[in-house]
Amino acid sequence: MLSSSNAKKPKEIFVLNGFFIGCGDPVWNAVVRGLISKGYAFDYISGVKSQIKGIEFGDNTIFHDYLDGVRGIRPEGFEFSEWALDAEILEKYQDAEIACLDVSDRMDKGYSFSYQERLRLYLSVLGFWLFMVDRYKPKFIIFPQTPHQVIDLALYHVAKKNDIKTFMILPIVALKMMLPISEIEHPTKDVAQTYQGYLDSPDAKCSISSYHAEYLQRHKGVYQNAMPEYLKQRLDKEGPENISTSLYFWNKVIEFKQYSHYLGVVFSSIIAKVHWAKSFIFGNPPANYLKRPDEPLEKSYISGFEYNIYKLRARWYKERLKKQYNIFVSDLDVNKNYIYIPLQYQPERTSSPEGGRYSNQLLMIKLVSSLLPKNWEIVVKENPSQLLPNTVHGERGRYSYYYSDLIDIPHVRVVSLDTSQFELIDNCCAVATLTGTTGWEACVRGKPVMAFGYAWYSGCEGVFRVNNRSECKAAINEIVGGVKLDQKKVRFFLSALEHHSFEGYPNVKISAGASGGIKNNTANILEMLEVFLTSVGKNK
């Protein structure tokens, strides 16, 4: 089924049937070129058309614009027979349905994407993939990262049900590493075997890189020196956190007045503001998949003006959310026993799908609350990025009365966004999270963790994986009993993680601080992929 690629005289042609979904980032453009130069080709590949330049996939490869796929639009020039779904199929894929409806929050620009419309998209995409898998019978599917759009998440579930091998990269941003995995639900199964081998060997020596040794040292100090690079960048980019939407807008319009005694500066400023206004009203929006009300997603394309108005409204909405959050804030009582729960940013891959059924974080908090001793508290802090004015999607992750629902849960105390992360960790009895970096920071600082999602540090010393009430109760009993962490075992886990990971980043957005540049980064990803493709099998 697969054709050989049009690369210049590869030494060998490896004809494998498989799908490659989500190419488009500059990192993956380079990876695809590398695979094609080695003679690999695919039945189906998707990517952002505007970013795929100079890549020839082969005559028999189906190319699908990824943004079209997100909207449920079929590949251009592709003959597709509608796959009729029945109740048995829907029951078989009910986990996929729940997950796909959840990640659809990314497309909702303000209660414009109803349940029925989300279901319509999911059923259309599910039918497409069932048809594709039946026709092409792929042996493998490559995802650049954990799938977190309907188009790729539905395919992941179809692959699971049909025993199709999958490859994806789990970015461990905190450690600047990439972990190749095959299942969202079991991200560290290979790491766990190596880790257990270390623990079982009395002569095992713990060896970690100098960078990670320095990382551990920094994370035992003050938080300002340990803050993740991506968070520093977000905070630096936002500037003054308390600037209001109205001030932001009018500052753009009248800022030049402070220079009014300089005639040249005045004219320059006026011209700049005219250009800004023209761009605001008539400019093109960035690539997006936001849905208008009362339009099918596949035909819904907002204008630049609509997008800019939406972003202003989003700023205003997040200001309202922040004011409501601050109403419920109280001071931390370090004399109380408490479990610290830092809310994760939403919507985002790390909370959905990697958070599993607990992507609704209030479910996690209610479960913990129901099992806590009477005199204990749950201390909750909002994610710093959630309410920043310009962060992408943040306004879609909290409904207007979210914090009212939060504070109504027994035992809950909400603390200020300014409260030090490490102060909250150091004074707590444990941390509870879905997959957040705070869980790993707690391990490093000697605190036990309850991980309710599919965290990359699951299996580490002191981490309790919680999926149900009985597991949560057992973990809390251990925590109340004063469980202690062995820091040597934490280092062994990090050593095992290094053994199975590569330095780098799977996309440009999270590349801050990674060394080696895109060339070495591409080489690392290609090495991971070749190991995977070798396991699938080469047919010359």
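Look above for the structure.
Note that the coordinates shown come from a computational prediction; the quantities given were computed from them, not determined experimentally.

Novice: How should the environment of Asp163 be read in this particular structure?
Specialist: By secondary structure assignment, the location of Asp163 is in the loop between α6 (150-161) and β7 (165-172). You can call Asp163 exposed: its relative accessible area is 73%. Separated by 24 residues in the primary sequence, Asp163 and Lys139 have C-alpha atoms spaced 8.8 Å apart.

Novice: When you look at the pairing of strand β4 (residues 44-47) in this model, what are you seeing that I'm missing?
Specialist: Consecutive side chains of a regular strand alternate in pointing toward one face of the sheet and then the other. Burial along β4 is two-sided: Tyr44 and Ser46 and Ile45 and Gly47, pointing in opposite directions, are all buried. In this structure, strand β2 (residues 18-23) lies alongside β4, joined through three bridges in parallel fashion. Counted as the bridge partner of Phe20 is Ile45 from β4. Taken together, the four bridges between β4 and strand β5 (residues 62-65) define a ladder with parallel strand orientation. Residue pairing across strands places Tyr44 opposite Ile62, the latter belonging to β5.

Novice: Would you explain the state of the cysteines in this entry?
Specialist: Tallying each qualifying case throughout the model produces zero disulfides. The thiol of Cys443 is not disulfide-bonded; the next cysteine sulfur, from Cys460, is found 4.4 Å away.

Novice: Help me out: how do you make sense of the layout of surface pockets in this one?
Specialist: Empty space left among the atoms is revealed by rolling a probe the size of a water molecule over them. Computed from the structure, the second largest pocket encloses a volume of approximately 1000 Å³. Taken together, 36 residues form the lining of the second largest pocket, with Asp105, Tyr111, Arg396, Arg398 and Tyr399 sitting closest to its centre. For the lining of the second largest pocket, the secondary structure elements donating two or more residues are α4 (94-103), α5 (115-136), α12 (304-327) and α13 (361-371). Among the elements that make up the lining of the second largest pocket, the one with the highest residue count is α12 (six residues). Of the residues contributing to the lining of the second largest pocket, the split by class is 14 nonpolar, nine polar and 13 charged.

Novice: Explain the pattern of salt bridges to me, please; I cannot follow it from the model alone.
Specialist: Side chains bearing opposite charge may pair, as long as their charged atoms lie close to each other. Counted by the stated rule, this structure contains 16 salt bridges. For Asp105, the salt bridge is made with Arg118, and the minimal N-O distance between the two is 2.8 Å. Highlighted residues: Asp105 in the loop between α4 and α5 and Arg118 in helix α5, separated in sequence by 13 residues. Given the relative accessible area of 11%, Arg118 is considered buried. Here the salt bridges do not stand alone but share partners, grouping Asp105, Asp108 and Arg118 into one network.

Novice: I'm lost on α13 in this one. Help?
Specialist: Counting buried positions along α13 yields eight of eleven residues, so the element is predominantly enclosed. What α13 keeps buried is the set Gln361, Leu362, Met364, Ile365, Leu367, Val368, Ser369 and Leu371.

Novice: So what exactly am I meant to see when it comes to unusual backbone geometry here?
Specialist: Glycine aside, the phi torsion of most residues is negative, and most peptide linkages are trans. The peptide bond linking Gln346 to Pro347 adopts the cis configuration, its omega dihedral lying at -5 degrees. Mapped onto the secondary structure, Pro347 falls in the loop between β9 (338-342) and α13. A cis amide bond links Ser352 to the next residue, Pro353, at an omega of 20 degrees. On the secondary structure map, Pro353 appears in the loop between β9 and α13. A positive phi angle, close to 45 degrees, is found at Lys137, a residue other than glycine. Mapped onto the secondary structure, Lys137 falls in the loop between α5 and β6 (140-145). A positive phi is found at His393, a non-glycine position, where the angle reads about 75 degrees. Judged by its relative accessible area of 12%, His393 is buried.

Novice: Would you explain the sheet that holds β2 in this entry?
Specialist: Paired through backbone hydrogen bonds, the strands of a sheet run either parallel or antiparallel to each other. Sheet architecture is open: seven strands sit in the order β5-β4-β2-β6-β7-β8-β15, paired in mixed fashion. Each end of this open sheet is capped by a strand with a single partner; those strands are β5 and β15 (502-503). Relative to β2, helix α1 (residues 26-37) is tilted by about 155 degrees, and along the sheet it contacts β2, β4, β6 and β7. The sheet contacts of α6 involve β2, β6 and β7, and relative to β6 the element is tilted by about 140 degrees.

Novice: I tried to follow the sheet that holds β9 on my own but got confused; where do I start?
Specialist: Spatially, six strands are ordered β11-β10-β9-β12-β13-β14 in an open sheet, and the strand pairing comes out parallel. The strands lining the two open edges of the sheet, one partner per strand, are β11 (412-414) and β14 (463-465). Here the average twist between neighbouring strands, direction ignored, is 25 degrees. Here five bridges tie β9 to strand β10 (residues 377-381), and the two strands are oriented parallel to one another. Counted as the bridge partner of Tyr338 is Glu377 from β10.

Novice: Looking at this structure, I do not really get the environment of Tyr93. What am I missing?
Specialist: Assignment of secondary structure puts Tyr93 in the loop between α3 (87-92) and α4. Classification of Tyr93 by relative accessible area gives buried; the value is 3%. Along the primary structure Tyr93 and His157 are separated by 64 residues, whereas in three dimensions their C-alpha atoms are 7.3 Å apart. Non-local contacts of Tyr93, meaning those with residues more than four positions away in its chain, are made with Tyr122, Leu126, Leu130, His157, Val158, Lys161 and Asn162.

Novice: What is the right way to read the packing of aromatic side chains from this model?
Specialist: Aromatic rings considered in pairs are described by the distance between their centres and by the relative angle of their planes. What the rule picks out here adds up to 26 aromatic pairs. Their ring planes at 80 degrees and their centres at 5.7 Å tell us that Phe20 and Trp28 sit as a pair that is edge-to-face. Considered together, Phe20 and Trp28 belong to a single accessibility category, that of buried residues. Measuring from ring centre to ring centre gives 5.2 Å for Trp440 and Trp456, while their planes differ by 50 degrees; the resulting arrangement is tilted. Of this pair, Trp440 sits in helix α16 (residues 437-444) while Trp456 is found in the loop between β13 (449-451) and β14, placing the two residues 16 residues apart along the sequence. In this structure, Trp440 and Trp456 share a single accessibility class: buried. What links up through ring pairs into an aromatic cluster is the set Phe19, Tyr44, Phe78, Phe80, Phe128, Trp129, Phe131 and Tyr136. The aromatic ring of Phe80 is capped on one face by Arg74, whose charged end is 4.4 Å from the ring centroid.

What counts as what
- Residues numbered from 1 in each chain as written.
- Predicted model: local features only at pLDDT ≥ 70, side-chain atom pairs only at ≥ 80, totals over all residues.
- Heavy atoms only, no water.
- Helix = DSSP H or I, 4+ residues; strand = E, 2+ residues; numbered from the N terminus.
- Buried < 20%, exposed > 50% of the residue type's maximum accessible area, 1.4 Å probe, protein only.
- Pairing = 2+ DSSP bridges.
- Disulfide = S-S within 2.5 Å.
- 1 Å grid on protein atoms, 1.4 Å probe; cavity = no way out; pocket = protein on both sides within 12 Å on 5 of 7 lines; lining within 4 Å.
- Points joined across faces, edges and corners; volume = space filled by probe spheres on them.
- Nonpolar A, V, L, I, M, F, W, Y, C, P; charged D, E, K, R; others polar.
- Salt bridge = Lys/Arg side-chain N within 4 Å of Asp/Glu carboxyl O.
- Contact = heavy atoms within 4.5 Å.
- Axes fitted to C-alpha atoms, helices over the stretch in contact; angles between N-to-C directions.
- Phe/Tyr/Trp six-rings, centres within 6.5 Å; stacked < 30°, edge-to-face > 60°.
- Lys NZ or Arg CZ within 6 Å of the ring centre and 35° of its normal.

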